Every structure is written in C-alpha cells, then in structure tokens.
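Fold and geometry: a report
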Amino acid sequence: MSSEDVKATVRERYGQAARQVADGSRTSCCSTTCCGGSAGDPISSNLYTEAETAVLPEKAVLASLGCGNPTALAELHPGEVVLDLGSGGGIDVLLSARRVGPGGKAYGLDMTDDMLSLARENQRKAGVDNVEFLRGEIEAIPLPDDSVDVIISNCVINLSTDKGRVLQEAFRVLKPGGRFAVSDVVVRGEVPSEVRRSMELWVGCVAGALTEPEYHQRLWEAGFEGIGIEPTRVYEFEDAKAFLAGSGLDTEVLAREVGGRVMGAFVRARKPL
Ligand SMILES: C[S@@+](CC[C@H](N)C(=O)[O-])C[C@H]1O[C@@H](n2cnc3c(N)ncnc32)[C@H](O)[C@@H]1O
C-alpha cells in the first residue's frame, strides 16, 4: 500500500460517507466501510451524551465517525483556540466552539471536500460564528507556529501514513504550554500481519493504529512532555468480528487474535513552556 493509495482511498471512502449523510441516504453511523466497520458499529456508537447531541444539527451527529469524545476529556477554557485534526462532519468542532465561547475559536481541518461541505452546512445550521473549517492535510497544517491552545482529533491520526510528521506539525502549531488531547485507536501488543496489510482495515481505523509504546515514542520525538495514553473502550471478540467483517479476511479466526488488543484511547501530551 503506497502512501498516495492510502490517502486516495481514505478521501474516497470518507467522501462517500459525507455524501450519504448529506443526501439523507445514511441514517446511522457507518453504512460504508470507514471507522466503525460495515457490519455493526463497535467503534463509533454511543460516544456522546444526549445532552451533547441535543444541541447539534442532526447531520453533524449522523456524520460522527470518531472513536472517543475528545472534547469531554480535554480541558477547554473560554477564549482558547482549538484545532480539530480531521474534523469530518464537524461534531467535535461544534462542541469545542461552545466550550471556548465567542471569545475563542474552533478550527476544523480536513482533506475531504464533501466532509468540509457537510461540516460548513452543519456550522450554518448550528448558527455559530467562532468556527472555521480549513481544507488541508494534517501532515501540513495550514496554520502559523505557536497559534493554537489545544489540539483535538477523533480517530484520524491512525489513518495517516506519516504519523511522525502529523505529531511534529501538531507540536509546531501549538503555543508553548499548549495541549494535545486526542482520541484515537491504539493497539496493545501485536496484531496479525494480514490485518496490518489490509486497505479496508486501514480505512476502517484499525490497520494503521500505533501501539501504545510507538505513540509514546513519536510524541516524545516530536518534543511533547506529560504524555499519557488511557484506554476508553477496548474492542473485544464480538467487536473485532464486527470491524473485521467486509475485510475479506477470516473474521472468526482473526477476531480471536485481535479481540482485546485494539482499543479506543485518549492520548494527552503537552508542548513544554
Ligand atoms: C474517521 S473520520 C473522523 C471524523 C471526525 N473526527 C469524527 O469524529 O467524526 C476521519 C476524517 O479524517 C479525514 N482525514 C483522514 N486523513 C486525513 C489527512 N491526512 N489530512 C486531513 N484529513 C484527513 C477524513 O477526510 C475524515 O473526514
């Protein structure tokens, strides 16, 4: 799998997911192969409280393809600048915008045009001004150095083929003392090489996931301190069967090897002062 192939497939699949939400043909999360898988939805379901979703446009909630709830776990203060890497339909950007208030700002960054259109439509419906969706790649963030207080992201960094670069870029745009507060899929131990080589499972947020020590190491190499990785949802055998379905691999056998080793986690770190 070349880096360009992965990026093109990710863009195509998430573009398709965005169009399905926009035209109303997708009425629940993950009816296409993306984070959460095609059969069942162990990764993206039930991540937000009713109080959170009640104040959001319906299509922002339907487009949710994350694996955690980073804004619930991140510290966000009024007046701060937040950046969401791979903002999709905008759910976490809209939630952050409420938390930082009119004196703050929430940026979303995504490379998929249909996701950006959906997110901007959701912003319009939500009636919030302190939000801006940027087109670009998380490996080359289109913002100046030292300009962001908090970086959030929800199930996106695992999709990148150059995670070291993403973390260096996150470090660059954060202000000194700025926080990295990200939900992502991580792996504990080894997963079989067939899983690692599957494009379907890469797009489904599993094959590209870093192990906990790899994540720690790359954050440290980028310059971060105060690094912590806390599992928020461990995908057991039945969950693994659901996200392996549609991969063309032997679901039953691999789910035994993968179950309990793949998890949604909250990853935190800080740029030194
Ligand atoms: C799994 S979805 C998550 C969307 C959103 N964070 C959420 O929780 O619903 C991944 C999103 O990241 C975007 N994405 C993936 N790789 C990217 C990259 N290298 N640069 C920018 N956006 C990317 C995709 O277009 C898609 O919208």
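Below is a short write-up of the structure. Since the model is a prediction, treat every value here as computed from it, not as a measurement.

With respect to spatial proximity, 23 residues lie near the ligand, and among them Leu65, Gly86, Asp110, Thr112 and Ile138 are the closest. One of the backbone nitrogen or oxygen atoms of Met111 is found 3.3 Å away from a nitrogen atom of the ligand. Coverage of the ligand by the protein chains reaches 99% of its 590 Å² of free accessible surface. Residue composition of the shell around the ligand, grouped by class: 11 nonpolar, eight polar and four charged.

Approximately 190 Å³ is the volume attributed to the largest pocket. Ser44, Ser45, Asn46, Leu47 and Val61 are, among the 12 residues lining the largest pocket, the residues nearest its centre. Class assignment of the residues belonging to the lining of the largest pocket gives a composition of six nonpolar, five polar and one charged.

For any two aromatic rings, the description comes down to two numbers: the centre-to-centre distance and the angle of the planes. As enumerated under the stated definition, the model contains three aromatic pairs in all. For the pair Phe171 and Phe224, a centre-to-centre distance of 5.2 Å together with 85° between the ring planes defines the contact as edge-to-face. Of this pair, Phe171 sits in helix H7 (residues 163–173) while Phe224 sits in the loop between helix H10 (212–222) and strand S7 (225–235), and the two are 53 residues apart along the sequence. With a relative accessible area of 3%, Phe224 lands in the buried category. Centroid distance Tyr235 to Phe243: 6.0 Å. Interplanar angle 85°. Geometry classified as edge-to-face. Grouping residues by exposure puts Tyr235 and Phe243 together as buried.

This brings us to the environment of Leu159. Structurally, Leu159 is set in the loop between strand S4 (148–154) and H7. Leu159 sits in the buried class, given a relative accessible area of 12%. With residues near it in sequence (within four places) discarded, Leu159 still touches Val6, Val10, Tyr14, Trp202, Val203 and Cys205.

Before going further, it helps to examine the side chain of Glu212. Take Glu212: it is sitting in helix H10. Sequence-distant contacts of Glu212, that is, excluding residues within four places in its chain, are made with Val186, Val187, Arg188 and Ile229.

At their nearest, the axes of H7 and H10 sit 9 Å apart, and the two run at 45° to each other. Comparing the axis directions of H7 and H10 gives the class oblique. With respect to the hand of their crossing, H7 and H10 are arranged in right-handed fashion. Here Lys163, Gly164, Leu167, Gln168 and Phe171 of H7 come into contact with H10, specifically with Arg218, Leu219 and Ala222. In the contact of H7 with H10, the residues fall into four nonpolar, two polar and two charged.

What follows is about empty space enclosed by the protein. The final tally for this structure, using the stated rule, is two cavities of 30 Å³ or more. By volume, the largest cavity amounts to about 440 Å³. Lining the largest cavity are 32 residues, and of these Gly86, Asp110, Cys155, Val156 and Leu159 sit closest to its centre. Those elements that place two or more of their residues in the lining of the largest cavity are helix H1 (3–22) and helix H5 (91–100). Sorting elements by how many residues they give to the lining of the largest cavity places H1 first, with five residues. The residue inventory of the lining of the largest cavity, partitioned by class, reads 14 nonpolar, 12 polar and six charged.

Cut-offs used in this document
- Residues numbered from 1 in each chain as written.
- Predicted model: local features only at pLDDT ≥ 70, side-chain atom pairs only at ≥ 80, totals over all residues.
- Heavy atoms only, no water.
- Near = heavy atom within 4 Å.
- Polar contact = N/O pair within 3.5 Å; in protein donor to acceptor, adjacent residues only side chain to side chain.
- Areas by Shrake-Rupley, 256 points an atom, 1.4 Å probe, with all protein chains shown as cover.
- Nonpolar A, V, L, I, M, F, W, Y, C, P; charged D, E, K, R; others polar.
- 1 Å grid on protein atoms, 1.4 Å probe; cavity = no way out; pocket = protein on both sides within 12 Å on 5 of 7 lines; lining within 4 Å.
- Points joined across faces, edges and corners; volume = space filled by probe spheres on them.
- Phe/Tyr/Trp six-rings, centres within 6.5 Å; stacked < 30°, edge-to-face > 60°.
- Helix = DSSP H or I, 4+ residues; strand = E, 2+ residues; numbered from the N terminus.
- Buried < 20%, exposed > 50% of the residue type's maximum accessible area, 1.4 Å probe, protein only.
- Contact = heavy atoms within 4.5 Å.
- Axes fitted to C-alpha atoms, helices over the stretch in contact; angles between N-to-C directions.
- Parallel < 35°, antiparallel > 145°, perpendicular 65-115°, else oblique.
- Left-handed = near helix turned anticlockwise from the far one by under 90°.

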